[in-house]
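Listed here are the chains, written in short residue letters.
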Amino acid sequence: MKFPSVKGFRDVLPDESARWSWIEQQARAVFQRYNVTEIRVPIVERTSLFTRSIGDTTDIVEKEMYTFLDRDGTSLSLRPEGTASVVRAYVEHAVAQREPVSKWFYLGPMFRRERPQRGRLRQFSQIGIEVIGRDDAAADAEVLLLLYDLLESLRVSGVEVQINSLGCPKCRPRYREILTAYGRARHEQLCENCQRRLERNPFRLLDCKTPSCQQATADAPTMLDHLCAECAEHFAAVRAILAREQIEASVNPRIVRGLDYYNRTAFEVLAPGLGAQNAIGAGGRYDGLVKDLGGPDIGGVGFALGVERLVMVLPEMEVGHLPEVFICPLGTAAEMEAMHLAHRMRREDMRVEIDAGSKSLKSQMRRADRSGARYVLIIGEEEVVEQAATVRDMVAKRDHPKAIPLALSGSELRTALARLGEQAAASA
Ligand code: HAM
C-alpha cells in the first residue's frame with residue numbers, strides 16, 4: 001500500500017532545501033540591517049480573524065481557506081497569509097503601549113485551497129515583513145528599499161516591482177462608484193465571475209485575466225486619476241524617495257490586490273519567466289487594519305515573498321555544502337577507529353561522512369566519490385596495525401599511504417589534512 005502526499009502539498013528534498021536555507025539566511029541578514037526582528041505566530045487562528053481582515057468577498061475567504069470546527073464548536077482556519085495573524089498578535093500583546101514602531105518579519109507555511117499548478121500550491125511558504133505604527137510615505141519607501149536589497153542579495157535578475165495607489169476611505173468610495181458604473185455599462189462583455197462580483201468588489205475587474213474582460217476594461221478609469229490630495233501626495237513622496245535611491249518602480253494602475261485590507265501604496269514583484277503565477281511577492285499599506293482588529297488607530301505596511309516561486313527564479317548556484325572528509329573503514333576493528341576519528345573531527349567543526357557496514361572498498365569509494373569530499377581516509381587492516389590512515393586526495397588525485405596517525409587530536413587532524421592540501425597545491 002502506498003501513501004502519496006496530498007495534492008498541492010509537496011516535499012522539499014535536501015537538494016532544494018539547501019536553497020531554502022540560503023534564501024532564509026540572506027533574508028535574515030537583510031532584515032537585521034533594517035533592524036527588523038522576528039515574530040512567530042501560530043498556523044491556526046479563529047476563522048473570524050481572516051474574514052474580518054482579508055475580507056469576506058475575497059477569493060481567499062470565499063473559497064480557499066482550510067476551515068474546520070474545533071471540538072468545542074469554534075470555527076478555526078489554517079492561516080492563508082501572515083499579516084492578519086501578525087496584527088492580531090500586535091493587538092493582543094498591546095505592543096503599541098511598549099514601542100511606537102514595530103518592525104517584524106516572519107517565515108513559514110501558509111495554506112490556500114487553490115487549484116494547484118506550476119508555482120501554485122495549497123501549502124506554500126512566505127517570508128514577510130510588517131512595519132506597524134507608521135503612516136508616513138517614508139515607511140512605505142523603507143519597506144520597498146528593503147525589498148529591493150533583499151532581491152539583490154538573492155541575486156534574482158529580471159524581476160520587476162510594480163506599484164500603485166489604492167486610495168483611502170476618503171477617495172476610494174467615489175472611485176468605486178465610477179468603476180461600478182463603468183462595469184455595469186459593459187456587463188455583457190464581462191466574464192461570469194466579474195459579473196457576479198461587480199457590485200460587491202468592482203476593483204477585481206482590473207486584474208481579471210480573462211481576455212474578454214481585459215479587452216472590455218482596457219480604458220477603465222483608474223484609482224490614480226481619482227486620488228484625494230493627501231493620497232496623491234503620499235504616492236508622490238514614496239516615488240520621490242525611491243527615485244533619490246535611483247530606483248525606478250514602474251507604476252501599474254491595474255494593481256488591486258486580492259485582499260481587502262490595503263489602502264494607498266500597493267505593489268507586486270513580478271518575475272517574467274514564471275508564466276501565469278508570475279508574482280513572487282506582493283505587499284502594501286493597511287492603515288485601517290490594526291484598529292479593525294481592536295487596536296489603536298495606527299498604520300501599517302509590509303510585504304510577503306513566496307519562497308517556492310523565489311526558488312524557481314534563483315540563479316543556478318552551489319548553495320549546498322559538501323563534506324570535507326569521507327572515511328572508509330574496512331572491517332570491524334577499522335570501523336571502531338573510524339568512528340573515533342570522525343567524532344574527533346566533527347567536534348573540531350569539520351564536515352565528515354563515514355561509511356560502515358563491512359562493504360568492499362570499491363563500493364565505499366564509489367560513495368565517497370559521489371559525496372564530493374576532497375579527502376577520503378581509508379582505514380584497512382594494515383592501517384589499524386600501523387595506527388595511521390591512508391589519505392586519497394580526490395582533487396589532486398594522489399594517495400598518501402598511512403599519512404595521518406590515528407592518535408592525532410581533532411585539531412591536529414585538521415592541520416595534517418590542510419598540510420597535505422598545501423603540498424598538493426605547491427607541486428601542481
Ligand atoms: P499575497 O499576494 O496573497 O499577499 O501573497 C504573497 C506571495 O505569496 C505571492 O506573491 C506569491 O509569491 C505567494 N503565494 C500566494 N499564494 C500562493 C500559492 N497558492 N502558491 C504559491 N505561492 C503563493 C499576502 O499574502 C500579503 N499578506 C502580503 C502582505 C504583507 N501585505 C502586507 N504585508
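These numbers come from a predicted model, not from an experiment.

S.K.: What exactly am I supposed to notice about the pattern of salt bridges here?
M.R.: This model, assessed by the stated rule, comprises 26 salt bridges. The salt bridge partner of R52 is D292, with a shortest N-O separation of 3.2 Å. Remark: D292 occurs in helix α10 (residues 289-292) and R52 occurs in helix α2 (residues 47-54); sequence separation between them is 240 residues. One salt bridge in this structure joins R367 and E353, with 3.6 Å as the shortest N-O distance. Note that R367 is positioned in helix α13 (residues 361-371) and E353 in strand β13 (residues 352-354), a separation of 14 residues in sequence. Under the relative-accessibility criterion, R367 is labelled partly exposed at 33%. In this structure E353 comes out as partly exposed when scored by relative accessible area, which is 29%. Put simply, K103, R134, D136 and E142 are held in one network by salt bridges that share partners.

S.K.: Would you mind showing me how to read the pairing of strand β11 (residues 300-306) here?
M.R.: Put simply, side chains in a regular strand alternate between the two faces of the sheet. The buried count for β11 comes to 7 of 7 residues, which makes it a mostly enclosed element. Of the two faces of β11, the one lined by G300, G302, A304 and G306 and the one lined by V301, F303 and L305 are each fully buried. Where strand β6 (residues 123-132) lies against β11, 7 bridges are found, and the strand directions are antiparallel. Bridged to I127 within β11 is L305. Examined bridge by bridge, strand β10 (residues 279-285) and β11 share 5 bridges and lie antiparallel to one another. Across the sheet, R285 pairs through a bridge with V301, a residue of β11.

S.K.: Explain the packing of aromatic side chains to me, please; I cannot follow it from the model alone.
M.R.: All chains considered together, the criterion is met by 8 aromatic pairs. Between the aromatic rings of F31 and F105, the centroid separation amounts to 4.4 Å while the plane-to-plane angle is 15°, which identifies the pairing as stacked. Taken together, the residues F31 in helix α1 (residues 14-33) and F105 in strand β5 (residues 102-111) connect sequence positions 74 residues apart. Ring geometry for F267 against F303: centres 6.5 Å apart, planes inclined by 65°, an arrangement best described as edge-to-face.

S.K.: Is there a simple way to think about a nonpolar patch on the surface in this case?
M.R.: A cluster of nonpolar side chains, contributed by I43, V44 and F68, occupies part of the molecular surface with about 210 Å² of accessible area. Summarising the element assignment, I43 is placed in the loop between β1 (37-38) and β2 (44-46).

S.K.: Looking at this model, I keep getting lost on the domain arrangement of the protein. Mind explaining?
M.R.: By a frequent convention, interface size equals the accessible area lost on bringing the separate parts together. Domain annotation for the protein reports domain 1 (14-171 + 227-313) and domain 2 (325-418). Between domain 1 and domain 2, the C-alpha centre-to-centre distance is 49 Å.

S.K.: I would appreciate a short explanation of the side chain of D59 in the present structure.
M.R.: Among the secondary structure elements, D59 is positioned in helix α3 (residues 59-64). The class for D59 is buried, based on a relative accessible area of 19%. If near-sequence neighbours (up to four positions away) are discounted, D59 is found in contact with E64, R197 and R204.

Reading guide: rules and limits
- For every chain, the first residue of the written sequence is number 1, and numbering continues from 1 along that sequence.
- Totals for whole chains, interfaces and linings use all residues, but because this is a predicted model, local features are given only for residues with pLDDT of at least 70 and pairs of side-chain atoms are given and counted only at 80 or more.
- Think of the side-chain values as coming from all heavy atoms in the structure, minus any hydrogens and water.
- What makes a salt bridge here is a side-chain nitrogen of Lys or Arg within 4 Å of a carboxyl oxygen of Asp or Glu, nothing more.
- Going along the chain from the N terminus, every DSSP run of H or I of four or more residues is numbered as a helix, and every run of E of two or more is numbered as a strand.
- Under the scheme applied here, a residue whose accessible area is under 20% of the maximum for its type counts as buried, over 50% as exposed, and between as partly exposed, the area being computed with a 1.4 Å probe on protein chains only.
- Strand pairing is assigned whenever DSSP detects at least two bridges linking the two strands.
- Aromatic pairs are defined between Phe, Tyr and Trp rings, using the six-membered ring for Trp, whenever the two ring centres lie within 6.5 Å; interplanar angles under 30 degrees are classed as stacked, those over 60 as edge-to-face, and all others as tilted.
- In this analysis, a patch consists of residues with relative accessible area above 30% that form no salt bridge, clustered at 9 Å for like charges and at 5 Å for the nonpolar side chains Val, Leu, Ile, Met, Phe, Trp and Tyr.
- With residues, only the protein chains shown are counted as cover, and all accessible areas are computed by Shrake-Rupley using a 1.4 Å probe.
- Boundary definitions for the domains trace back to an automatic or database domain assignment.
- Any pair of residues with heavy atoms lying within 4.5 Å of one another is described as a contacting pair.

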